[in-house]
Amino acid sequence: MGIYSDQVVPRLVNLACGARFNNPQRKRACAGLHGRVMEIGFGSGLNIPFYPASIESVSAVEPADLGWRLAEKRRAKATVPIERAGLDGQSLPFADNSFDCVLSTWTMCTIPDIAAALAEVRRVLVPGGTLHFVEHGLAPDPGVQVWQHRLNPIEKAIAGGCNLDRNIRGIVEDAGFEIRDLDEFYADGPKFIAALSLGVAVSP
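Okay, so let's go over this structure.

### A short note on the packing of aromatic side chains
And step 1. By the definition in use, this model includes two aromatic pairs.
And step 2. For the ring pair F42 and W68, a centre distance of 5.4 Å and an interplane angle of 50° mean the geometry is tilted. One end of the pair, F42, is in the loop between β1 (35-40) and β2 (55-61); the other, W68, is in helix α3 (residues 65-70), with 26 residues separating them in the sequence. W68 matches F42 in its accessibility class, with the two residues each being buried.
And step 3. With centroids separated by 4.9 Å and ring planes inclined at 85°, the aromatic side chains of F94 and F99 adopt a geometry described as edge-to-face.
And step 4. Relative accessible area serves as the criterion here: at 13%, F94 is assigned to the buried category.

### A closer look at helix α5 (residues 114-124)
And step 1. Buried residues of α5: I114, A117, L118, E120, V121 and V124, and no others. The buried side chains of α5 occupy one side of the element, clustering within an arc of 155° when seen end-on.
And step 2. Tucked inside the fold, the buried residues of α5 contact β1, β4 (99-105), β5 (125-136) and α7 (168-174).

### Overview of the pairing of strand β7 (residues 195-202)
And step 1. Here β7 lies mainly inside the structure; eight of its eight residues are buried.
And step 2. Burial along β7 is two-sided: the residues A195, S197, G199 and A201 and L196, L198, V200 and V202 are all buried.
And step 3. Two strands pair when backbone bridges link them, and β5 and β7 are joined in this way by seven bridges, in the antiparallel orientation. For H136, the partnering residue across the bridge sits in β7 and is L196.
And step 4. With eight bridges joining them, strand β6 (residues 178-186) and β7 adopt antiparallel strand pairing. Note that in β7 the partner of I179 across the bridge is A201.

### Concerning the side chain of S197
And step 1. Summarising the element assignment, S197 is placed in strand β7.
And step 2. The residues touching S197, leaving out its near neighbours within four places in the chain, are F133, V134, E135, I168, L182, D183 and E184.

### Examining helix α6 (residues 142-158)
And step 1. For α6, with 17 residues, the first-to-last C-alpha span of 24 Å sits near the 24 Å given by 1.5 Å per residue.
And step 2. At L151, α6 is bent by approximately 50°, the largest bend along its length, and proline P153 sits one to four residues beyond.
And step 3. For α6, the full list of buried residues reads V144, Q148, N152 and E155.
And step 4. Tucked into the core, α6 has its buried residues touching β6 and α8 (191-194).
And step 5. Backbone geometry just downstream of α6 places G160 in the positive-phi region, at approximately 65°.

### Side note on the pattern of salt bridges
And step 1. Within this structure, the stated rule accounts for eight salt bridges.
And step 2. Note that R123 and E120 form a salt bridge whose closest N and O atoms lie 2.8 Å from each other. Taken together, the residues span about one helical turn, with R123 and E120 both in helix α5 at a distance of three residues.
And step 3. The salt bridge involving R169 is made with E173; its shortest N-O contact spans 3.9 Å. Placement of both R169 and E173 in helix α7 is noted, with a separation of four residues, approximately one turn of the helix.
And step 4. Assessed through its relative accessible area of 34%, R169 is described here as partly exposed.
And step 5. In this structure, a network of salt bridges that share partners links the residues D96, E120 and R123.

Quick notes on the rules
Residues numbered from 1 in each chain as written. Predicted model: local features only at pLDDT ≥ 70, side-chain atom pairs only at ≥ 80, totals over all residues. Heavy atoms only, no water. Phe/Tyr/Trp six-rings, centres within 6.5 Å; stacked < 30°, edge-to-face > 60°. Helix = DSSP H or I, 4+ residues; strand = E, 2+ residues; numbered from the N terminus. Buried < 20%, exposed > 50% of the residue type's maximum accessible area, 1.4 Å probe, protein only. Arc of directions from axis to C-beta. Contact = heavy atoms within 4.5 Å. Pairing = 2+ DSSP bridges. Expected span 1.5 Å × (residues − 1). Bend = angle between axes of the 7 residues up to and from the residue. Salt bridge = Lys/Arg side-chain N within 4 Å of Asp/Glu carboxyl O.

Structure below.
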């Protein structure tokens, strides 16, 4: 990890993902979380204000030390216990069947081996446990997809490995999850980065 990745990218993510227009999506993604929750790609704790009271504890997986420090004030206001319990979503330090729910918001775009990460998510979820997510990814319109593919190398370079053109539905289903609810839509902003997938998937 270099200075840009360590010091700049976490601040960019905190700024971009912390925009107020993302809050309704965060609230929807957090709805229904309960019991023992793992948040993968915890970042600077932007989901904390939207945790429902039904959560018992949160285990935060976050590779960036700066992201964790940026979350300090939000963590101090949290009404549930939060611990930093992992650094790599592709190799989770938890036993099988450890969590009732997993939360992922604007994270699947960046994990290098997303298939490995979702296999780990399935492993640590109890049978019937749920993956709650909101992610940007491949747009439904071919014209927008063309621009996503063109801009993807630039996005990856400046945004810490973020991909514009991952098929979120396909990735989740290929990992063996059953999608229970899914809303695919354009949020505010340029379409190449505003094609969102928001839903809940169930682990078998």
